[in-house]
Amino acid sequence: METRVLKINDAERDCSAILEAARLIQAGEVVAFPTETVYGLGANALDAAAVQKIFEAKGRPSDNPLIVHISKCQDVDRLVRELPPAASSLMERFWPGPLTMIFKKSHLIPDTVTAGLDTVAIRMPRHPVALKLIERSEVPIAAPSANRSGHTSPTMAQHVLDDLGGRIPLILDGGRCEVGLESTVLDMTAEVPTILRPGGITYEMLTQVLGEVRVDDGALKPVKGQRVKSPGMKYTHYAPRAQVVVVRGELDQMVDKINAMAQEYMKQGMEVGILATHETKDYYKEVKVLVLGSRTQPAVMASNLFWALRQFDDLGVDIVLAEWIETREEGLAIMNRMLRAAAFRVVDA
Ligand code: TXA
Ligand code: MG
């Protein structure tokens, strides 16, 4: 199959590309499109056969449910069985935006979308291309991140092409994603709303609206077995080709440890990459250093993480030594993804 890439500079003016994508969605095909978080691979959420094509294109395990994307708050009503009162305040404050909420699902949602669960994850993205595509398709769009299963999520159309070229008919290219990490997944069916996957809407932002919020144990730890609430969290994710090792400690000790480890790996003939921050970058020599951003701006660091992991692939490094980032604000989402990219290999400085 040939994969076409259509560039969209302006969702209003370049409408013909979006209309073409909407026609494909209505015809039961899959289309990759930009959101403010990462690129998604979408299909009509109410059509089980169309949704099945997403799993096939990605090589995604069928027990990992998808997020349903809508373009208006009212769209949520027919997709869920009940809407807890707190959900309305969250929708008002954070939609459209990078917050996914989990509700009891209505009969309209096929089991393929939810991997047999009786709950459904729903979000309203704020990227103008995503919103227009959903609106023009006139159906809710089920969409996981548009990467091959297990790879780093795509934040540029080229990443989607690298992963899914030849496997899908169309990619809408809306430039680089602003948030750069997937949405926060918040379980609204729990007694206390619980963050299953941290993202751009942070714990701190949610507590301001809700008062009490929990963070699932799996956020910074490996999750195994039956008790997994968000099945996506149990897979090794976001893995670049290189092995990733996270180094944790006080800033100067961390730098010393990373330099010592880099020397060792280089002696073994390995190409070493270092994932650093503005505050530390000048302390590393003779290695390939990528900078996430300043430690004072976790949102900026978050937006660069997946780009950096893919960049290390292009640079051909064998091992990435990554600095631990404080887990406040977007830092929690950064460490959630980084630890998975590292398969939880952490070294203390
Ligand atoms: O930002 C995003 O959320 C992106 C863009 C495309 O919207 N989408 C995305 O989808 O990251 P995906 O499929 O890569 O991740 C969905 C996550 C998975 O961890 C999945 O297990 C979880 O949401 N999930 C989906 N439905 C669920 C449900 N009913 N209960 C618990 N977890 C659910
Ligand atoms: Mg994903």
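Anything mentioned here points back to the structure above.
Attention here is on the structure that accompanies the text. All values reported here derive from a predicted model rather than from experimental measurement.

Quick look at the overall build of the chain now. Helix and strand counts for the chain come out as 10 helices and 16 strands. On C-alpha atoms alone, the chain measures out to a radius of gyration of 20 Å, which is about the 20 Å that the 2.2 N^0.38 rule sets for 349 residues. Going through the 349 residues of the chain one by one, you find that 56% of them count as buried. In the chain, of all internal contacts separated by at least 6 residues, the share reaching a separation of at least 24 is 69%.

This part covers the pairing of strand E12 (residues 243-248). Examined bridge by bridge, E12 and strand E15 (residues 319-323) share 5 bridges and lie parallel to one another. Counterpart to Val 247 in the pairing with E15 is Glu 323. Two strands pair when backbone bridges link them, and E12 and strand E16 (residues 346-348) are joined in this way by 3 bridges, in the parallel orientation. Bridge pairing in E16 places Arg 248 opposite Asp 348.

On inspection of all chains with the given rule, the structure shows 16 salt bridges. Between Arg 214 and Glu 212 there is a salt bridge; the shortest N-O distance is 4.0 Å. Residue Glu 212 is classed as partly exposed on the basis of its relative accessible area of 48%. A salt bridge links Arg 295 to Glu 326; its shortest N-O distance comes to 3.2 Å. In this pair, Arg 295 sits in the loop between strand E14 (288-291) and helix H9 (298-315) while Glu 326 sits in the loop between E15 and helix H10 (331-341), placing the two residues 31 residues apart along the sequence. Within this structure, Arg 295, Glu 323 and Glu 326 form a network of salt bridges that share partners.

The rules behind these values
Residues numbered from 1 in each chain as written. Chains lettered and ligands numbered in written order. Predicted model: local features only at pLDDT ≥ 70, side-chain atom pairs only at ≥ 80, totals over all residues. Heavy atoms only, no water. Helix = DSSP H or I, 4+ residues; strand = E, 2+ residues; numbered from the N terminus. Rg over C-alpha atoms; globule rule 2.2 N^0.38 Å. Buried < 20%, exposed > 50% of the residue type's maximum accessible area, 1.4 Å probe, protein only. Contact = heavy atoms within 4.5 Å. Pairing = 2+ DSSP bridges. Salt bridge = Lys/Arg side-chain N within 4 Å of Asp/Glu carboxyl O.

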